Amino acid sequence: RISGGHIIHKSSMSVPFDAAQALLTGLDTAAQRSWRDEDRAWRSEDRHWRKEDLAWREEERNWRHLEQDWRRRQAAWRRADMDQRLVENARQLWSRFVEKNRRDVEEKSEQLKTLSNLSALLAGFAVVSLVEMQFEEKEEMAWLVACFGATTALTVGLMVNAMVTSSLMLASILKNGKTYVAEEEEAEFMARCRSFSVHYKPGDRPPAPKRTFQKHWESRCEDSWQRAFGMFTAGVPCFLANLAFASWLKFDGVATSITITTIMFVSTIVWANTQNTWAWYLIKSRDLERDKLRRDQSVTHVPAGLPFDWHARPRPPYEAILNSTTFDASFSARDANFSSPTPPPTEMNSIGIHRRTPSETPTDEVVDAAAPATESEVVSGVVP
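Residues numbered from 1 in each chain as written. Predicted model: local features only at pLDDT ≥ 70, side-chain atom pairs only at ≥ 80, totals over all residues. Heavy atoms only, no water.

Novice: Where do I start with the packing of helix α2 (residues 142-176) against helix α4 (residues 213-250) in this structure?
Specialist: Packed helix pairs are characterised by how far apart their axes lie and by the angle those axes make with each other. Relative to each other, α2 and α4 sit at 155°, their axes nearing to 7 Å. With respect to their mutual orientation, α2 and α4 come out roughly antiparallel. With respect to the hand of their crossing, α2 and α4 are arranged in left-handed fashion. Taken together, the residues of the contact of α2 with α4 sort by class into 26 nonpolar, nine polar and no charged. (Axes fitted to C-alpha atoms, helices over the stretch in contact; angles between N-to-C directions. Helix = DSSP H or I, 4+ residues; strand = E, 2+ residues; numbered from the N terminus. Parallel < 35°, antiparallel > 145°, perpendicular 65-115°, else oblique. Left-handed = near helix turned anticlockwise from the far one by under 90°. Nonpolar A, V, L, I, M, F, W, Y, C, P; charged D, E, K, R; others polar.)

As structure tokens, then:
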């Protein structure tokens, strides 16, 4: 092309444009390659993250399975612990009944032994006085001889019957006393305690053994015991009268006979006083125990929600707790009068009420039922 006498070549104008276009194309290609490299790296890293996430999710599922298995094991352990607590509570109650049965058997055995020995001793004295005493029988002493023989026979008969009854009863209770705490009785009582715990309603009391020595004594032995004790009681004044009659037969002196008779009369009065003080109490004590048992069973039980809480100390009202506790002022006054150190701050609650430390708690005292029970105690139904 010719312009103004100059020749303009087309290639000279397109070279810078082509160079710029080539430069931009190279830059675009390089940027696109770099972006694709970054995209591939990101996708590779995303795949790696997904693999780690899947592995983490798999591990989480495994941990959840382990946690579920642990929870199942914990629930099974809790049920087993509750069953064991129930067995311990039932065994504790059974131990109390066994101890009571043992003490009842020992008590009745000692009573029967004492009554049998004293009856045999007085009967032997009466027989010896009848056999060994020598006297001259006179016509005017016939009524004395008859009275002496009658009192001797009454004394021996009453004491021998009391001795035989007491001895047979003693053999019976020593033979049958252990049957009330046999393994069969224990198994039956344990089963009843388990049923009681399953069907427990607030206010119910734990079961008691169906067969006890106390019931056996009241139904089979109490009447025989009272009858034997009554014969022994009747035989004592007969024995004292027998000695008085023997003095009139044995001694010719009136003064000696009167002295012995007076002593026997005074002894009879003393015996009557002792009889009125102690003997009737022994007979009526069983009736008193039965009345006390009925009163205890008729008392309304305030439940705390646990199967075996019937022996716990009742919870006092909140006002009684506040009135019976010691505040900070009382501790200040105590410190002013005594040199004993002040209890540490950890023994005070938020309102300044002093909590008794374990060293101040007697070992044989039941822990206050107003204190909050732990979770295991609430679940298992055990009162500390």
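Novice: What's the story with the pattern of salt bridges in this structure? I'm lost.
Specialist: Think of it this way: side chains of opposite charge can pair up when their charged atoms draw near. Tallying each qualifying case throughout the model produces 20 salt bridges. A salt bridge links D69 to R73; its shortest N-O distance comes to 2.8 Å. With a gap of four residues between them, D69 and R73 both fall in helix α1 (residues 11-132), about one helical turn apart. (Salt bridge = Lys/Arg side-chain N within 4 Å of Asp/Glu carboxyl O.)

Novice: What am I meant to see in the packing of aromatic side chains here?
Specialist: What describes a pair of aromatic rings is the distance from one ring centre to the other and the angle between the planes of the rings. Inspection of the entire model under this criterion finds seven aromatic pairs. Between F97 and F189, the aromatic rings sit 5.6 Å apart at their centres with planes inclined by 80°, giving edge-to-face as the arrangement. With F97 in helix α1 and F189 in helix α3 (residues 183-198), this residue pair connects regions lying 92 residues apart in the sequence. Overall, the relative accessible area of 27% leaves F97 in the partly exposed class. F189 gets classed as buried once you look at its relative accessible area, which sits at 0%. Seen from their ring centres, F196 and Y200 are 5.6 Å apart, and the 75° between their planes marks the pair as edge-to-face. Each of the two residues, F196 as well as Y200, counts as buried. A connected cluster of aromatic rings, assembled from ring pairs, spans W94, F97 and F189. (Phe/Tyr/Trp six-rings, centres within 6.5 Å; stacked < 30°, edge-to-face > 60°. Buried < 20%, exposed > 50% of the residue type's maximum accessible area, 1.4 Å probe, protein only.)

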